[in-house]
Structure formats: C-alpha cells, structure tokens
Amino acid sequence: MADSGDTEGAGKNDEIERAKTEGKELTKEEKQRLRKEKKQQKKNKEKKEEKASQEGGKEKKHVSSESPASQPTTQTQTQKAPSAVPAQVPVPASETPAPAEKPAKSKAELKAERRARQEAERSSKQGKKGEASQQAATGKPKAPPSELQPVVKRLPEHVQADNPEVLKKLAKKLERQQIPLRSDYGYKVSLFSHLHQYSRKAPLTQQLGIPSTVIHPAIVRLGLQYSQGIVAGSNARSVALLHAFKQVIRDYSTPPNEELSRDLVNKLKPYISFLNQCRPLSASMGNAIKYIKKEISNISSQCKEEDAKSKLLNCIDCYINEKITLAAKAIAKYSIEKISDGDVILVYGCSSLVNHILYEAFEKDRKFRVIVVDSRPRLEGREALRRLVQRGISCTYVLISAVSYILPEVSKVFLGAHALLANGYVMSRVGTSQIALVAKAFNVPVLVCCETYKFCDRVQTDSFVSNELDDPDDLIVTRNGKTQLEHWQQVPSLGLLNLVYDVTPPDFVDLVITDLGMIPCTSVPVVLRVKNVDQ
Amino acid sequence: MPGPDKETELTERIEAFLSDLKRGGSGTGPLRGSAETARETTALLRRITAQARWSSAGDLMEIIRKEGRRMTAAQPSETTVGNMIRRVLKIIREEYARSRGSSEETDQQESLHKLLTSGGLSEENFRQHFAALKANVIEAINELLTELEGTTDNIAMQALEHIHSNEVIMTIGRSRTVEAFLEDAARKRGDMKRKFHVIVAECAPFCQGHEMATSLSKAGIETTVIADAAIFAVMSRVNKVIIGTQTVLANGGLRAVNGTHTLALAAKHHSTPLIVCAPMFKLSPQFPNEEDTFHKFVSPHEVLPFTEGEILSKVNVHCPVFDYVPPELITLYISNIGGHAPSYIYRLMSELYHPEDHEL
C-alpha cells in the first residue's frame, strides 16, 4: 500500500479500518468513535471479507456521490448506525464502480486518501475488480446488477433536524471545523419539525462569531449574501459560489508536505459547512461542488502549484460558460420556436432563465405579452416585472390568488426550475405546482425551462420530506395600521409556515426545455445517465 | 302630521342604508359580514312595509321592487341585499295567496300543464285589498329575521357531525360562519374535547386569513398560517377543506374570495372533500354567465403599491376580489337547514324565491 507520506494518525489498526483522518491528530472523541465502529464492523461478516480484498486495493470513490443534493458536509456524521453504502456514480469507464464499505466518519477525508492510493494502485485494482463487485453491500439492500449502481444514499443532515443524535454529530463536526452552529428560530409546524428554520432578522455575523482564520473572507461574504437573500435564485447562487471558490483558489498556497489535490479539498470542506449553515445548499450548487472537487482531485501530483491553480480557474470558467451561459443560449433558441406572434405568456416569480428567453424572443421581434404572477411573502415577481418592462415588453401583474381569473387569457405558461428530480418531478419555487395545476385545468400548455446541470439524482413525491423553511416572520404584514400576527410567538397554538420550494408532478408539465433539447419530464433519468457516461 | 314625517324619516333611513352599502363595498372600510347586511336589509324592508303608504299587495311589491333596484345598484356585489328583497316579495305573495284563500301550490310554478290548459300566463294582479295583510306580512318578516339571527348557530351545531379527531382542516380567508363552525367543534363538551389542526391560507392581498388564524388560535385550536402559494404543496396532508363563500349561485357554484378556485382544484386533485358552510340567505338566483357583472375589482394599489415607481404607468395590474368555483368541485353544502349536495341547490332556490322575482 502506498503511503503518501503524511502522518497516518493512529497507526496500523486505523489502516485496517480505513477510518482515519489524514494528518490530523485524533481527538479522544474520534478515537472512541473509531473503537465503536470497529466493533460494528467486526459483527458483519461481509465487511471482513471486503476488508481483506480492499486491503490490497482501494477503489476510487467519488466525492459526495451519495447525496447529489449537494450535501458534501453531511457525509461525515450522519450514517453511523445503518451502515449504508454511498451511491456510486459511474466514473470514467476505466474505473470500476463498486460497492465500498462505508467509513464511519470523515468520509471525505478518507476519500481523498483513497484516491491517492488508487492512483498508484490502479493495476492491482483491476485485478481485484471481479472480487469486489461480487461483494454485496452491507446494511441497506440495493439492486446489484453489474452495470447499475448500488444506490443507497445517506440521508442528508438538513432533513433530520428533529433527530438529536444527528444534531449532536453535526455540532461536533462543526466544532472540529471551528464553524459556529446556527440555532433554529421560532415555533416549527409539526409537519416540518424535521427541517431547520432560521431567522433573517439579524445578519449572520451578529448571531455567530466567525473565525477569520478558518474561513476565507470571500466565503464569509457569500454566506452573508445567501442568508440575507441578497443573492437568490439557483443560477445566481451557483455562479456566486464558483466565483468565491475561484478567489479561494487564487489565494491558496499549498502548505509544505501536502499535496494540492488533497489539501485543497479539505480546505473547502469547512467552507461548505459554513455555507450550509447560512442557507441550505441548492441542487445546482451541489453539482457545481461535485465538479470542482473532482477537478481538484484529478490534478496530478507532478503539477506545479501555479499551473494547477490556473488549470482549476480555467475549469471553473469553462463550467460556468458551458453549463450556464451557453446553456441559456441553447434553451432560448429552442424556446423561441415555441413562442408565436400574439401569444400571451404567463411566468411565475423571477427565473433568470425564463427572463432571458423572453428577452431573446423580444429581440427576434416576436409579438407577445407577458403576465407576471407573484406571491407573498417573497414578491420576486416585481423584480421580473421591472426587468421585462425595462426591455419594453408589455406586462400584466397579478398575485397568485388571481391566477384562475387571468388564465383564460393565457396561451402558454413558462416556468423555471430549481432542480429536476430523477422521477420526473420538478422542484421549484413554492406556488409553481399550483400554477401548473390550474393551467392544466384550463388546458394551457406548461413548459419548464431548466439547464442540465440542475438535474439531480434524488427522488421526491411531496413537498414535505425535503424542503427549506424560510423565516416565518416574513408572513407578517401590516394593513391599515394593524398587524394581526405581530405576537404570534406568544400564542401557543399558532404557527406560521413559510415554505420555499415545492414539487410539481410530471403530469402537469407538458415539456421540459433543456440545453440538450426538448424532452418530456419523464426523460430526466435518461439524461442523467447520458451525462454521467460522458463524464 | 305623522304621515309625512314618517315618510321623510323612512327615506332618510333608506338613503343612509344606500350610502352605507356604497362605502362598505370598497374593501377599505370595516368589512361588514353578509349576515349583518341581510339583517339590516330585512329590518329596513319591514320598516317600509310598516310605514310606507300602500293599499294592496301589488303596491307594496312595487315599492319594494323600486327600493330594491336602487339598493342592488348601489352595491351589485352584495347579493344578500337582493336575496332578502326577493324573500320578502315571496312572503308577500304567500300572504296574499293565503288571504285570498287559495292554496299555495297552485300559484307556485308555471308548469307545462298549466301553460297548456290555461292558455297563457295567469295574470295575478295582487290588487285586492286585505286588511290583515300588513300585519301578516310584518309577522312573516319577523320570522325571517329570527331565522337570520339563528343561522350561524344552526350551522355551527352541525360541526361535530363532520369533524372527527386529529383531522387536518384547511380553510382560506376569513369567514365568520366557518369560524363559528370550527370553534363549536373544538369546544369542550363534558369530558370530550375534539382535537384537530387547522391550516389557514392567508388570501393575499387583503390577508384576512391572519385575522381568522388569530381568533381560531385564541379558541385553542392548533392553527398554521400559510401563504397562498403553498396551498397545493400542503394539500396532500389535508383531510377536509371547509370554506365560506360570498354567494351561492343558482347552478350550485360559488362566488367566493379569490384563491378559492385554486383551492378547490387542489382539493379535487387530492380527492379531498370540499365543504361549503353557507347560510340560506346567501343563495342567489344569479347564474355565472354574466361576465361583466360577475367580477369585482378593487384598487390595484393593494397588489402593486404606488411606491413601486415608474413601472406603474407601463403595466396592467388586476386585483379581482371574487372567484368562480364550478359545482363539480364542491362536495357538500352545509346550511342552516342541513346539508345538501350542489345538485340540490336549484330545488332550494325554487322554495325560497318566486321565478318572477329573479329579475328585480
């Protein structure tokens, strides 16, 4: 086994378990955890077998492959008891996807090490390929035909806010990374007690003390912008994230005796935890982070630091260009075919992509008018209204409760998406499913526009299990000088619910326009598969 | 002389009522409940019957029709006014018929048989003078008033038949009838206290749902306020939808606060029963076909305030107040005389109003 030369913590027994931190000292807690895990693993026969085979060759694992819903931070602590196996996204064809044992902690750290070892041991791994793929995974059952991946994902932390164990683990992890923990605010409606609910009243820096040595100031600024809602919208958030990471990479310098590929990834982890605390990561951000981590870990150790950094910066620029800018152009090109003269188009909220399509169509001299539907409490539609009116497009503005009044006039509905789930459901701003429902009742076609980088592996059937709860105080409004809900906290049986996302079933959506073409909603898993094979 | 004084007083009252109606409908003043309007209208009609000068039933009906036209013109969306007028007209017809001695059934409907045998519409003049008519009519109107006063309680009494424990009920906006309904179900009876959860959609832009939520939570009911946009998202967890309405139309449909159609569609999609709590005085012989009279709009300032600046001159803003809900989406009507299916509404209407009065 190739030792990459860094201090390997506790020693031999660690190696056997593959549960160790790299280069850091093991705290007492971690040692205890290690012992517990050892016991757990020894109970499982299959794990022993696997250990033996894996001693000789470690498989390569993908970064945050198990929760495409962008929770790289959640990998670490949440899966102690059910020793589930992370999902393996197929990697370049040369590598074998194989079930691997779930390390009990610090998964990302382990991955980085394993990757280093794999590079040295690719040949021996090939030999062991046959063995390893026969091993069934421990813990949760999965379907193991040879091409399909064992798809058991670890439950992301942000949907387990009611589990005290998970919360404790998160607190410990954040402590280790020296990031303050953000506390929940207000009374949570019982149906949603498994989600976090934060307040936006005071800016984050007042609530938490953020150590400047641990977190890069660009990231702190980004986190603040997220938590206050200054940067909102999935494209905007992803682009802002990538720019912040570029800054981080520029300011990064490899410490001695470290490899850039591993150390940089480790540096990014606390940043991601911090951003997660500010506002739960979106699907698009998760995919972007996956991409960056992959690129970083692909940097060979022979590369000089300057070259590596410029290569990474280049990669990020390429990603933004391809996946966001050019994708928007392609989608606009397809959509313009669907817009004819005399159309009345209904849009909801402020989607950067849909706005872009409307600008392009207007440039191409299509005659249409737009109806902008808006909803409390975010009132994002006003922003869209301003932008459209500036371009000279004639607009009408209504609130979402008036949508059944205005729909008989509408000829098409264009909706943006936050993510497209693998079972064909569209995850988008709350209210989208309602508009799609009413449009269906009036027989108006519904078109969803979404770039492919927002496609994610998750499946979801309702808006409860995985959602985001916004500040409940946003619902309070003052009318005629009276604020009815001002003292809602004092009334014990009163709760306010401010959801951010909802899922639209695929039967309400007629067409999805992506940069790969126009597809029906149910073809999302096909696109995911094609994408992964390409990568 | 008492005559002219009474008359001027009467006209004063009528004028006051009319201006009240005109003002109350803009949505800015304190929104008066329809029950109140119905009561006031009926009281006013009783006063007209008592104080105006008339000699036969026909005269009285003419006077009431005239005043009624003015009242409905003052606030067309307030249909309870028109409903009460039609009820009183029907009362007058009945009392007249009873005084004349003929049974009520013969004059009821224009049946096909009657048309063929009598060879034309029977002209009922209502010109005969009966001394006791005035007293009878006033007594009947008093009965109507008593009925009006008891409607909310009658509806609330049926609550326990429809709400079981641990239910999640959804409602929209603010309806005093539904409030009484839910509070009655939650009130402690002996040792038993039925626990259920209510989700209130706030119904922008007026946000009356907030008021409803505060009063429900004060009664000890678990309440949650959601934004209108989240109606479909939470509907999968809702067991029943209970709403109030502004008017019940002749075809069994509703004219309710805006957002109700979306709520009804979402309930239909999840096969959740939609229950409408509507007292009988809200039943109106209108049909939803009159496009221009159906909708009422208020100031777009509620939706896009003037602080938004320049773009205001370049956009159209709509702020409709009502929504049409077709009868296929409604499961049950609960009124003060019991529960009915939407398909039965036409029958109830024929009992309450005379077909000739549909057009005032």
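What you are looking at is a predicted structure, and each value in this text was computed from that prediction instead of being measured. Each chain has its residues counted from 1, running along the sequence as written. Both sets of labels track the order of writing: A upward for chains, 1 upward for ligands. Residue-level local features of this predicted model are given only where pLDDT is at least 70; pairs of side-chain atoms are given and counted only at 80 or more, and the full residue set underlies all totals for whole chains, interfaces and linings. Note that the side-chain values use all heavy atoms of the structure and ignore hydrogens as well as water.

Per the convention used, a helix needs a DSSP run of H or I reaching at least four residues, while a strand needs a run of E reaching at least two, with both numbered from the N terminus. The helix and strand inventory of chain A stands at 17 helices and 13 strands. For every residue, the accessible area (1.4 Å probe, protein chains only) is compared with the maximum for its type, and the residue is labelled buried under 20%, exposed over 50%, or partly exposed between those bounds. A burial count over chain A gives 60% of its 535 residues as buried. Put simply, of all contacts in chain A between residues at least 6 apart along the chain, 80% involve residues at least 24 apart. Of the roughly 21300 Å² that chain A leaves accessible, carbon and sulfur atoms contribute 51%. Note on contacts: a residue pair is in contact if any heavy atoms of the two residues lie within 4.5 Å. Under the convention used here, a 1.4 Å probe and the Shrake-Rupley method define accessible areas, while residue burial counts only the protein chains that appear.

Below, the discussion takes up the sheet that holds strand β11 (residues 501–504) of chain A. All names here are of chain A. Between any two strands, pairing holds if DSSP finds at least two bridges. Read from one edge of the open sheet, three strands run β5-β6-β11, paired in antiparallel fashion. Since the sheet does not close on itself, it has two edges, and those belong to β5 (419–420) and β11, each with one partner. The pairing of strand β6 (residues 426–429) with β11 spans four bridges and is classified as antiparallel. In the sheet register, Arg 429 faces β11, and the bridge partner there is Tyr 501.

Quick look at the packing of aromatic side chains now. Each pair of aromatic rings is reported with the distance of its centres and the angle of its planes. In this analysis, rings of Phe, Tyr and Trp, with Trp reduced to its six-membered ring, are considered paired at centre separations within 6.5 Å, and the interplanar angle assigns stacked below 30 degrees, edge-to-face beyond 60, and tilted for intermediate values. Counted according to the given criterion, the structure contains seven aromatic pairs over all chains. Measuring from ring centre to ring centre gives 4.4 Å for Tyr 291 of chain A and Tyr 319 of chain A, while their planes differ by 20°; the resulting arrangement is stacked. One end of the pair, Tyr 291 of chain A, is in helix α11 (residues 283–297); the other, Tyr 319 of chain A, is in helix α12 (residues 305–338), and 28 residues separate them in sequence. Look at Phe 508 of chain A and Phe 232 of chain B: their rings are 5.8 Å apart centre to centre, the planes differ by 55°, and that puts the pair in the tilted class. Residue Phe 508 of chain A is located in the loop between β11 and β12 (511–514), and its partner Phe 232 of chain B is located in helix α10 (residues 231–235); the two belong to separate chains. By relative accessible area, Phe 232 of chain B is classed as buried at 6%. Taken together through their ring pairs, the aromatic side chains of Tyr 291, Tyr 319 and Tyr 453 of chain A make up a single cluster. Directly above the ring of Tyr 226 of chain A sits Arg 237 of chain A, whose terminal nitrogen or CZ lies 5.3 Å from the centroid. A ring is scored as having a charge over it whenever the NZ atom of a lysine or the CZ atom of an arginine sits within 6 Å of its centre and within 35 degrees of its normal.

Moving on to the interface of chain A and chain B. Contact with chain A, which involves 51 residues of that partner, is made by 51 residues of chain B. Note on terms: buried area is the combined drop in 1.4 Å-probe accessible area of two parts once they are placed together, counting the loss on both. Contact between chain A and chain B buries roughly 4300 Å² in total, counting both sides, with carbon and sulfur atoms accounting for 63%. Criterion for a salt bridge: a side-chain nitrogen of Lys or Arg within 4 Å of a carboxyl oxygen of Asp or Glu. Summed over the shared surface of chain A and chain B, the number is three salt bridges. Note that Arg 237 of chain B and Asp 462 of chain A form a salt bridge whose closest N and O atoms lie 2.8 Å from each other. Pairing of N or O atoms within 3.5 Å defines a polar contact, subject to two protein rules: one partner must be a possible hydrogen donor and the other a possible acceptor, and residues neighboring in sequence count only if both atoms are side-chain atoms. Taken together, the links from chain A to chain B amount to 21 residue pairs in polar contact (both at pLDDT 80 or more). Elements with a minimum of two residues in the side of chain A that touches chain B: α14 (381–391), β3 (395–399), α15 (403–406), α16 (432–441) and β10 (494–497) of chain A. The residue classification treats Ala, Val, Leu, Ile, Met, Phe, Trp, Tyr, Cys and Pro as nonpolar and Asp, Glu, Lys and Arg as charged. All others, Gly included, are polar. Partitioning the side of chain A that touches chain B into residue classes produces 32 nonpolar, 13 polar and six charged. Where β3 of chain A lies against strand β8 (residues 315–317) of chain B, three bridges are found, and the strand directions are parallel. Of the residues in β8 of chain B, the one forming a bridge with Cys 395 of chain A is Val 315 of chain B.

Let's shift gears to the confidence of the model for chain B. Per-residue pLDDT for chain B averages 85, and the proportion of residues at 70 or more is 88%. In the model output, the complex is listed with pTM 0.79 alongside ipTM 0.87. Note on scores: pLDDT gives the predictor's confidence for each residue, bounded by 0 and 100.

On to the confidence of the model for chain A. Residue and element names in this part refer to chain A. Overall, the prediction assigns chain A a mean pLDDT of 77, with 76% of residues at 70 or greater. Across chain A, element-level confidence peaks in α16 with a mean pLDDT of 96 and bottoms out in helix α1 (residues 12–17) with 49. Confidence drops under a pLDDT of 50 for residues 56–104, and excluding neighbours within four residues, the segment shows 178 contacts in the predicted structure. With pLDDT under 50 throughout, residues 130–147 is counted as low confidence; its partners more than four residues away or in other chains account for 33 contacts.

Of all the five residues making up strand β3 (residues 222–226) of chain B, four are buried; the element is thus mostly covered by neighbouring parts of the structure. Note that β10 of chain A and β3 of chain B share four bridges and pair parallel. By the bridge assignment for β3 of chain B, Gly 495 of chain A is matched with Thr 224 of chain B. Sheet analysis places strand β2 (residues 197–201) of chain B next to β3 of chain B, joined by five bridges and oriented parallel. Looking at the pairing, His 197 of chain B lines up with Glu 222 of chain B of β3 of chain B. Whether a crossover is right-handed depends on one test, that the path from the first strand over the helix to the second runs clockwise when the strands point away from the viewer. Between the parallel pair β2 of chain B and β3 of chain B, the chain is carried across by helix α9 (residues 208–218) of chain B, and the sense of this crossover is right-handed.

Turning to its location among the elements, Arg 479 of chain A is positioned in strand β8 (residues 478–479). For Arg 479 of chain A, a relative accessible area of 19% corresponds to the buried category. At a separation of 3.1 Å, a polar atom in the side chain of Arg 479 of chain A contacts the main-chain carbonyl oxygen of Pro 205 of chain B. Discounting chain neighbours no more than four positions away, the residues touching Arg 479 of chain A are Pro 205, Phe 206, Cys 207 and Glu 302 of chain B.

Per the stated rule, a full pass over the model turns up 32 salt bridges over all chains. One salt bridge in this structure joins Arg 378 of chain A and Glu 380 of chain A, with 3.6 Å as the shortest N-O distance. Exposure remark for Glu 380 of chain A: the relative accessible area of 19% places this residue in the buried category. The salt bridge involving Glu 167 of chain B is made with Lys 240 of chain B; its shortest N-O contact spans 2.9 Å. A residue pair is termed long-range when its members are at least 10 positions apart, and Glu 167 of chain B in the loop between α7 (159–162) and β1 (168–172) and Lys 240 of chain B in strand β4 (residues 240–243) qualify at 73 residues. Lys 240 of chain B carries the same exposure label as Glu 167 of chain B, and that label is buried. The network of salt bridges with shared partners includes Glu 62, Arg 65, Arg 93, Glu 356 and Asp 357 of chain B.

Before going further, it helps to examine the sheet that holds strand β9 (residues 322–325) of chain B. All names here are of chain B. The sheet built from three strands is open, its strands ordered β5-β6-β9 with antiparallel pairing. Every other strand in the sheet has two partners, leaving β5 (247–248) and β9 as the edge strands with one partner each. As judged from the two bridges shared by β5 and strand β6 (residues 254–257), these two strands associate in the antiparallel manner. Considered in β6, the bridge of Val 248 is made with Leu 254.

It is worth spelling out the environment of Glu 121 of chain A at this point. Residues and elements named next belong to chain A. Mapped onto the elements of the fold, Glu 121 is located in the loop between α4 (107–120) and α5 (122–134). Its relative accessible area of 11% is what places Glu 121 among the buried residues. Distance in space between the C-alpha atoms of Glu 121 and Leu 407 is 62 Å, their sequence separation being 286 residues.

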